[in-house]
Amino acid sequence: MLSRMKRAALAVAVITGTSAPSLSAQTATLPEPPQVSGPFTLEAVTDPVSGKSQFRYDGHDIPPVVRVRPGEDIHIEYINRLSRDSKEKCVMMPCTNGTNLHFHGLHVSPEKPQDDVLTMSAAPGETLRYTVEVPRNQPPGLYWYHTHQHMESYRQDLDGMSGAIVVEGIDRYIPELRGMEERIMVLRDVELDEHGAQRTMLMNKVAMLTPACGHSSEQPERVLTINGAVRPQIEIAPGERQFWRIVNASPDLYADLEIDGGSFEVVALDGMPFAFHDPGTRSRTLGHVLLAPAGRMEAIVTGPPAHHRSTFHTRCFDTGSDGDPNPAMVLADIVPRSDRGGLRTMVQDSGTPVYESIPAAAIHSAEDAEPRFTAVFTEDKSGFYINGKKFDMESPPMLTVDIGSYQHWRVMNRTNEVHPFHIHQVHFLVYAANGTPLQQTEWLDTVNVPVEGSVDLVMDFTDPVIRGTSLFHCHLLNHEDKGMMAKVVFR
Ligand SMILES: [Cu+2]
């Protein structure tokens, strides 16, 4: 049965999720997900019609935005009510419908009952209880949660089992954010039928007029949605400044975000304000921003002049000759405000900003040293590998890291497609790509590794809170499920 919110939304837009998408010429305004702070219950349920997995919160099948202040805990009772007999396919076999949660980007413990995806798993009928202690010095920004059941992550994430986490306090660094409309946008996918009216309608709707893009020879399989809606309208007055907080929750689509004739005044990437490690940098103005799967951008956007039609879209991204199609498409129309009242502003935080300036000498000595660890991504017809090893849950750790250091890591891609590298509980400084130093270095938790190329990173392993056994992997979740993942012990 459709929830009230979903039924309302279906009347005006194509909504992803349980039922076959409904077609309509009308367009929706950007849906707003519910928000929660404090303890809550999240259920994993199977839609009886489609057989797909989804989250249920407070009676609705829309995942909430979790809001938490630095120094507070996230308490979640996670109940697995998924079907014991899945109709869905996971990595060549039926899904078992085990599930768990990962808290992407948070500097927290990888041990139970926190960000543990190695020993915590709920079979259908079981419940997990999470208490995730967000540290006082967590960079304030946008993070996200998604399921991380090995060999089932791709399917569950594609079905939409993900949601945003806001660590409050980014306004400590940029006080002017307090008066702006805050828009949280979760990018997910709707699958295109192989043929037929649904495919044509959706491709037309997002103006995927030239699906040819880059070296991939395959046909597009998805379109991106924002908060579940295909090409909604985002209202903004001419000259108005809004705060957009965007997470790419797709399991494998890249989003190279752009606004016609506009730019992004970016204040944070992957949850970390630029000012966090560099008090002198408040923002960077960028024409377009590439978000790998799992990447986040937080930016100020200025409304275009009156009578100026504008779209928010993703550009074609070349994933390589063995990569998936990733064509340009429109994500949303930017339209004038229909009302000036009721700004949805952010939760204000009166705390003082935490700045963690890292001595340049510490960074430079890590950069100048030979890599302490090199991860090599390869693939063949039977799987995906890191340093020749295909992950399984019984795999021993690939390495042990002593906490307290900055380490130079290199990630090499020896395949004909891109792969985004992610490590749990840690941010890293990306300072070179394909052996060439970057003009603009970036602190991230997920970074794209170019085809037949490499990235060089300074890993921040200084925080003792991360002690335990953790993971790093490709964030194309299909690759992760097929083995492109490894364990690391933080000691
Ligand atoms: Cu990959």
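Calculation rules
Residues numbered from 1 in each chain as written. Predicted model: local features only at pLDDT ≥ 70, side-chain atom pairs only at ≥ 80, totals over all residues. Heavy atoms only, no water. Helix = DSSP H or I, 4+ residues; strand = E, 2+ residues; numbered from the N terminus. Rg over C-alpha atoms; globule rule 2.2 N^0.38 Å. Contact = heavy atoms within 4.5 Å. Areas by Shrake-Rupley, 256 points an atom, 1.4 Å probe, with all protein chains shown as cover. Lys, Arg positive; Asp, Glu negative; His and termini not counted. Charge placed at Lys NZ, Arg CZ, Asp CG, Glu CD. Donors = N, O, S within 2.8 Å, 3.2 Å for Na, K, Ca; no water. Patch = residues over 30% accessible without salt bridge, like charges linked within 9 Å, V, L, I, M, F, W, Y side chains within 5 Å. Salt bridge = Lys/Arg side-chain N within 4 Å of Asp/Glu carboxyl O. Buried < 20%, exposed > 50% of the residue type's maximum accessible area, 1.4 Å probe, protein only. Phe/Tyr/Trp six-rings, centres within 6.5 Å; stacked < 30°, edge-to-face > 60°. Pairing = 2+ DSSP bridges. Domains from an automatic or database assignment. Buried area = accessible area lost by both parts, 1.4 Å probe. Core = buried A, V, L, I, M, F, W, Y, C linked by side-chain atoms within 4.5 Å. Disulfide = S-S within 2.5 Å. Axes fitted to C-alpha atoms, helices over the stretch in contact; angles between N-to-C directions.

With respect to the overall build of the chain
Thinking step 1. Secondary structure assignment for the chain yields 6 helices and 34 strands.
Thinking step 2. In summary, the chain has a C-alpha radius of gyration of 21 Å against a globular reference of 23 Å for 491 residues, a match within 12%.
Thinking step 3. The dimensions of the chain, computed from C-alpha atoms along their principal axes, are 60 × 50 × 45 Å.
Thinking step 4. For the chain, restricting intrachain contacts to residue pairs at least 6 apart in sequence, the fraction spanning at least 24 positions comes to 77%.
Thinking step 5. Accessible surface, the chain: about 18900 Å² in total, of which carbon and sulfur atoms supply 50%.
Thinking step 6. Each charge sign in the chain was given a centre, from 43 positive and 63 negative side chains, and these centres are 4 Å apart.

Re the coordination of the copper ion
Thinking step 1. The protein atoms donating to the copper ion are His419 (ND1), Cys474 (SG) and His479 (ND1), with metal-donor distances spanning 2.0 to 2.1 Å.
Thinking step 2. Taken in chain order, the donor set of the copper ion reads H-x54-C-x4-H. Of this pair, His419 sits in strand β28 (residues 419-423) while His479 sits in helix α6 (residues 477-481), placing them 60 residues apart in sequence.

Overview of the environment of Ser53
Thinking step 1. Secondary-structure assignment places Ser53 in strand β3 (residues 53-56).
Thinking step 2. Spatially, the C-alpha atoms of Ser53 and Ser86 are 9.0 Å apart, while their sequence positions differ by 33 residues.
Thinking step 3. With sequence-adjacent residues up to four places away left out, Ser53 is seen in contact with Val45, Leu82, Glu88, Asn97, Asp159 and Met161.

Some words on a negative patch on the surface
Thinking step 1. A cluster of acidic side chains, namely Asp193, Glu194, Glu218, Glu221 and Asp322, defines a negative patch on the protein surface.
Thinking step 2. Mapped onto the fold, Asp322 is located in the loop between β22 (310-314) and β23 (329-335).

A closer look at helix α3 (residues 197-205)
Thinking step 1. Buried residues of α3: Gln198, Arg199, Met201, Leu202, Met203 and Lys205, and no others.
Thinking step 2. Immediately downstream of α3, the backbone of Ala207 shows phi near 55 degrees, a positive value.

Comments concerning the packing of aromatic side chains
The description of an aromatic ring pair uses the distance of the two centres, along with the angle that the planes make with each other.
Thinking step 1. Considering all chains together, one arrives at 15 aromatic pairs under this definition.
Thinking step 2. Summarising the aromatic geometry, the rings of Tyr173 and Tyr355 are spaced 5.3 Å apart at their centres and angled 90 degrees between planes, so their arrangement reads as edge-to-face. In this pair, Tyr173 is assigned in the loop between β11 (162-167) and β12 (182-191) and Tyr355 in the loop between β23 and α5 (360-368), connecting sequence segments 182 residues apart.
Thinking step 3. Classification of Tyr355 as partly exposed rests on a relative accessible area of 37%.
Thinking step 4. Ring geometry for Trp244 and Phe312: centres 5.1 Å apart, planes at 70 degrees, overall edge-to-face.

Some words on the pairing of strand β25 (residues 383-386)
Thinking step 1. Residues Gly383 and Tyr385 line one face of β25 and the alternating positions Phe384 and Ile386 line the opposite face, and both faces are buried.
Thinking step 2. In this antiparallel pair of consecutive strands, strand β24 (residues 373-380) and β25, the connection spans 2 residues.

Considering the domain arrangement of the chain
Thinking step 1. In terms of domain boundaries, the chain breaks down into domain 1 (35-168), domain 2 (176-335) and domain 3 (360-490).
Thinking step 2. Using only C-alpha atoms to locate each centre, domain 1 and domain 2 end up separated by 24 Å.
Thinking step 3. Summed over both partners, the interface of domain 1 with domain 2 comes to about 1800 Å²; 60% of that surface belongs to carbon and sulfur atoms.
Thinking step 4. Ranking the residues of domain 1 by area buried against domain 2 places Leu142, Trp144 and Leu158 at the top, with a combined share of 35%.

A short note on the pairing of strand β21 (residues 296-302)
Walk down a regular strand and you will see the side chains alternate between the two sheet faces.
Thinking step 1. Judged by how many residues are buried, β21 sits mostly within the fold: 6 of 7 residues are covered.
Thinking step 2. Inspection of the sheet shows strand β17 (residues 264-269) paired to β21 by 4 bridges, in the antiparallel sense. If you follow Val266 over to β21, its bridge partner there is Ala299.

Some details on a nonpolar patch on the surface
Thinking step 1. Taken together, Met92, Met93 and Met151 make up a surface patch of nonpolar side chains, about 300 Å² in accessible area.
Thinking step 2. Of note, Met92 is situated in the loop between β6 (89-90) and β7 (93-94).
Thinking step 3. Judged by its relative accessible area of 64%, Met92 is exposed.

Examining the nonpolar core
In globular proteins that are soluble, nonpolar side chains generally tend to be buried together.
Thinking step 1. Grouped together as the largest cluster of nonpolar side chains are 70 residues, with contacts concentrated most on Phe312, Phe421, Ile423 and Phe472.
Thinking step 2. Both domains that furnish three or more residues to this core are identified here as domain 2 (176-335) and domain 3 (360-490).
Thinking step 3. Once residues within four sequence positions are removed from consideration, Ile423 is found in contact with Trp409, Phe428, Asp445, Met459, Phe461, Leu471, Phe472, Val488 and Phe490.
Thinking step 4. One finds Phe103, Leu106, Val134 and Val167 within the second-largest nonpolar core, a separate group that totals 27 residues.

Description of the state of the cysteines
Thinking step 1. Considering all chains together, one arrives at 2 disulfides under this definition.
Thinking step 2. Between the sulfur atoms of Cys90 and its disulfide mate Cys95 the distance is 2.1 Å. Given an S-S torsion of about 90 degrees, the disulfide between Cys90 and Cys95 has right-handed geometry. The pair Cys90 / Cys95 is uniform in exposure class, with both members buried.
Thinking step 3. Note that Cys213 is cross-linked by a disulfide to Cys316, the S-S spacing being 2.0 Å.

Observations regarding the sheet that holds β23
Thinking step 1. One open sheet accounts for 5 strands, arranged β14-β23-β22-β16-β20; its pairing is mixed. The open sheet is flanked by β14 (233-235) and β20 (288-291), the only strands paired with a single partner. Each neighbouring strand pair of the sheet contributes to a mean axis angle of 25 degrees, computed without reference to strand direction.

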